[in-house]
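# Structural features, examined
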Amino acid sequence: MKKRILTGIKPTGLAHIGNYFGAIKPAIELSKNNEYDSFYFIADYHALTTLENKEQMQEYFFNIACTWLACGLDPNKVVFYKQSDVPEVFELNWILCNVTPKGLMNRAHAYKAIVEKNEELGQDKDFSVNMGLYNYPILMAADILLFGSNLVPVGLDQKQHIEIARDIANYFNNKYGKVFVEPDCYIQESTAVLVGLDGRKMSKSYGNTIQLFSSEEVLRKTINKIVTDSKLPGEPKPLNCTLNKLYKLFGSEEQCKEFEEKLLNGLSWGEAKKELFNVANEYIKPMREKYFYYQDHKEEVINILTQGAQKARIIAKEYLQKVRTAIGANI
Ligand code: ADP
Ligand code: TRP
């Protein structure tokens, strides 16, 4: 049997270039490798921990779905689906809850970060934590384990979640016999942590993102907001600046070399931003056209996902039967 790759993105905001270079692009490249069967999905139920309303869910959902397709995901080669269309995931989630020690969830980064913040503020440590957030890693383990995934391409921040999925697979296998594959994560080191407008990790939660698909004008304006130091035109600029880090993602080797020379020779920040805009815009343009095509053809997107879910469920049902048999639920 071919090895399996699986990954998901939760629709909690508009896709940004950190998502693209950190998760989407490597995942799509990997999906072209014929040694693997690929499963890519939109983790809409994972998004419930933060979404405010139905309109937001739908906007972000279509943004992510159209983004995957615009970036080159081929639904004929990859099983592409919406998490909530595969109810087997949620049945497995419950089963996995019962082999997962509570302490493992206490140590999950996202939960720990909230607890620490609450303690700092002198609030109840679980203030604003719902069970969706607390159990988030178990649902993620269900996504991964249900398809016997071997490799999970993600950004560095998701590494712990994959390790937790391995642990959970192990707990289950030790108790009931080997049913689950222990997954590995696949992290591209060069783009593991991409910086945002303010030089910190680009993240929706920091409000420092560059949206992947917006109009040219919005892209230009966003790039103009990149924080720089106060060096004047004519003064050499440091090569570890945010602008150079971002330029490297889009430029060819030769373009990057030229840009670095210009920075060292005192290119003004304003000109450097223009150059970054030009190279980013050229790179994004063909994908942007496809993105807006899919935004205008949502029926087509829904059809692709419906067919994807049908394929996913065939595999999911079969796997779940093995799990049910192992725990004694199949009489
Ligand atoms: P955000 O931090 O903006 O909320 P998500 O948590 O939705 O992003 O991340 C979706 C995927 O994109 C994950 O695999 C994550 O690791 C990757 N990713 C997000 N931000 C970055 C970044 N700045 N650099 C590299 N990868 C990233
Ligand atoms: N937690 C991931 C994120 O925030 C999304 C996700 C959900 C996922 N289920 C997954 C990623 C399974 C990889 C595999 O980006």
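Here, the structure is the one placed above.
Anyway, here's the lowdown on the structure attached to this text. Everything numeric here is computed off the predicted structure, so don't read it as measured data.

### So, the overall build of the protein
Across its full length, the protein holds 14 helices and five strands. Here the protein has a C-alpha radius of gyration of 22 Å; the compact-globule value for 331 residues is 20 Å, and the two agree. Taken along the three principal axes of its C-alpha coordinates, the protein extends 75 × 50 × 35 Å. Among the 331 residues that make up the protein, the fraction classed as buried is 49%. By sequence separation, contacts in the protein at least 24 residues apart represent 77% of the contacts at least 6 residues apart. When the accessible surface of the protein is summed, it comes to about 16,300 Å², and 50% of that surface belongs to carbon and sulfur atoms.

### Section: a negative patch on the surface
There is a patch of like negative charges on the surface, built from Glu253, Glu254, Glu258 and Glu261. Turning to its location among the elements, Glu258 is positioned in helix H12 (residues 253-264).

### Points about the nonpolar core
Counting 59 residues, the largest nonpolar core has Ile17, Tyr40, Trp68, Phe80, Phe250 and Leu276 as the members making the most contacts within it. By residue number, the principal contributor to this core is helix H13 (residues 269-296), which donates 10 residues. Counting residues in hydrophobic clusters, the runner-up holds 48 residues, among them Val86, Met140, Phe172 and Tyr319.

### So, the site of ligand 2
Near ligand 2, the surroundings consist of 14 residues, among which Gly8, Lys10, Tyr136, Asp143 and Gln158 are the closest. Contact between ligand 2 and Tyr136: a nitrogen atom at 2.6 Å from a side-chain N or O atom of the residue. Gln158 is positioned with one of its side-chain polar atoms (N or O) 3.0 Å from a nitrogen atom of ligand 2. Here ligand 2 has 370 Å² of accessible area as a free molecule, and 93% of this is covered by the chains. Within the residue set of the shell around ligand 2, elements represented by two or more residues are strand S1 (3-9) and helix H8 (136-145). The biggest single contributor to the shell around ligand 2 is H8, with four residues. Each residue belonging to the shell around ligand 2 can be placed in one class, and the counts come to eight nonpolar, four polar and two charged.

### Topic: the pairing of strand S3 (residues 78-82)
Most of S3 is tucked away: four of the five residues are buried. Strand direction decides the pairing type here: strand S2 (residues 36-42) and S3, joined by five bridges, are parallel. Within S3, the position partnered with Ser38 by the bridge is Val78.

### A word on the site of ligand 1
Around ligand 1 sit 18 residues in total, of which His16, Gly155, Asp157, Met202 and Lys204 are the nearest. In this structure, a nitrogen atom belonging to ligand 1 sits 3.3 Å away from a main-chain N or O atom of Gly18. In the model, a nitrogen atom of ligand 1 is placed 2.8 Å from a nitrogen or oxygen of the Met202 main chain. Of the residues that constitute the shell around ligand 1, the class distribution is six nonpolar, eight polar and four charged.

### Some details on unusual backbone geometry
Positive phi, normally seen in glycine, also occurs at Ser128, with a value near 70°. Mapped onto the elements of the fold, Ser128 is located in the loop between helix H6 (109-120) and helix H7 (131-134).

### Examining the side chain of Asp44
Of note, Asp44 is situated in helix H2 (residues 44-47). Of note is the side chain of Asp44, whose polar atom sits 2.5 Å from the side chain of Ser84.

### Some points on the packing of helix H3 (residues 54-70) against helix H14 (residues 298-327)
Contact geometry of H3 with H14 gives a least axis separation of 11 Å together with a crossing angle of 80°. As far as their axial angle goes, H14 and H3 are roughly perpendicular. In contact with Phe61, Phe62, Ala65, Cys66 and Leu69 of H3, H14 contributes Lys298, Val301, Ile302, Ile304 and Leu305. Of the residues belonging to the contact of H3 with H14, the class tally is nine nonpolar, no polar and one charged.

### So, helix H11 (residues 242-250)
Burial runs high along H11: seven of the nine residues are buried. Every buried residue of H11 is listed here: Thr242, Leu243, Asn244, Leu246, Tyr247, Leu249 and Phe250. Looking at the buried side of H11, the elements it contacts are helix H1 (17-31), H12 and H13.

### Details of the environment of Arg313
Along the polypeptide, Arg313 turns up in helix H14. With residues up to four places along the chain from it excluded, the contact list for Arg313 reads Asp85, Val86, Pro87 and Glu88.

### Things to note about the pattern of salt bridges
Throughout the structure, instances matching the rule amount to 17 salt bridges. Lys25 is paired through a salt bridge with Glu29; the nearest N and O atoms lie 3.6 Å apart. Remark: Glu29 and Lys25 occur in helix H1; sequence separation between them is four residues, near one turn of the helix. Taking the relative accessible area as the measure of exposure, Lys25 reaches 26% and is therefore partly exposed. Between Glu88 and Arg313 there is a salt bridge whose closest N-O contact spans 2.9 Å. Placement of Glu88 in helix H4 (residues 88-97) and of Arg313 in helix H14 is noted, with a sequence separation of 225 residues between them. With a relative accessible area of 28%, Arg313 lands in the partly exposed category.

Each value, and the rule that gives it
Residues numbered from 1 in each chain as written. Chains lettered and ligands numbered in written order. Predicted model: local features only at pLDDT ≥ 70, side-chain atom pairs only at ≥ 80, totals over all residues. Heavy atoms only, no water. Helix = DSSP H or I, 4+ residues; strand = E, 2+ residues; numbered from the N terminus. Rg over C-alpha atoms; globule rule 2.2 N^0.38 Å. Buried < 20%, exposed > 50% of the residue type's maximum accessible area, 1.4 Å probe, protein only. Contact = heavy atoms within 4.5 Å. Areas by Shrake-Rupley, 256 points an atom, 1.4 Å probe, with all protein chains shown as cover. Patch = residues over 30% accessible without salt bridge, like charges linked within 9 Å, V, L, I, M, F, W, Y side chains within 5 Å. Salt bridge = Lys/Arg side-chain N within 4 Å of Asp/Glu carboxyl O. Lys, Arg positive; Asp, Glu negative; His and termini not counted. Charge placed at Lys NZ, Arg CZ, Asp CG, Glu CD. Core = buried A, V, L, I, M, F, W, Y, C linked by side-chain atoms within 4.5 Å. Near = heavy atom within 4 Å. Polar contact = N/O pair within 3.5 Å; in protein donor to acceptor, adjacent residues only side chain to side chain. Nonpolar A, V, L, I, M, F, W, Y, C, P; charged D, E, K, R; others polar. Pairing = 2+ DSSP bridges. Axes fitted to C-alpha atoms, helices over the stretch in contact; angles between N-to-C directions. Parallel < 35°, antiparallel > 145°, perpendicular 65-115°, else oblique.

Bear in mind that shape data such as this cannot, by itself, settle questions of function.
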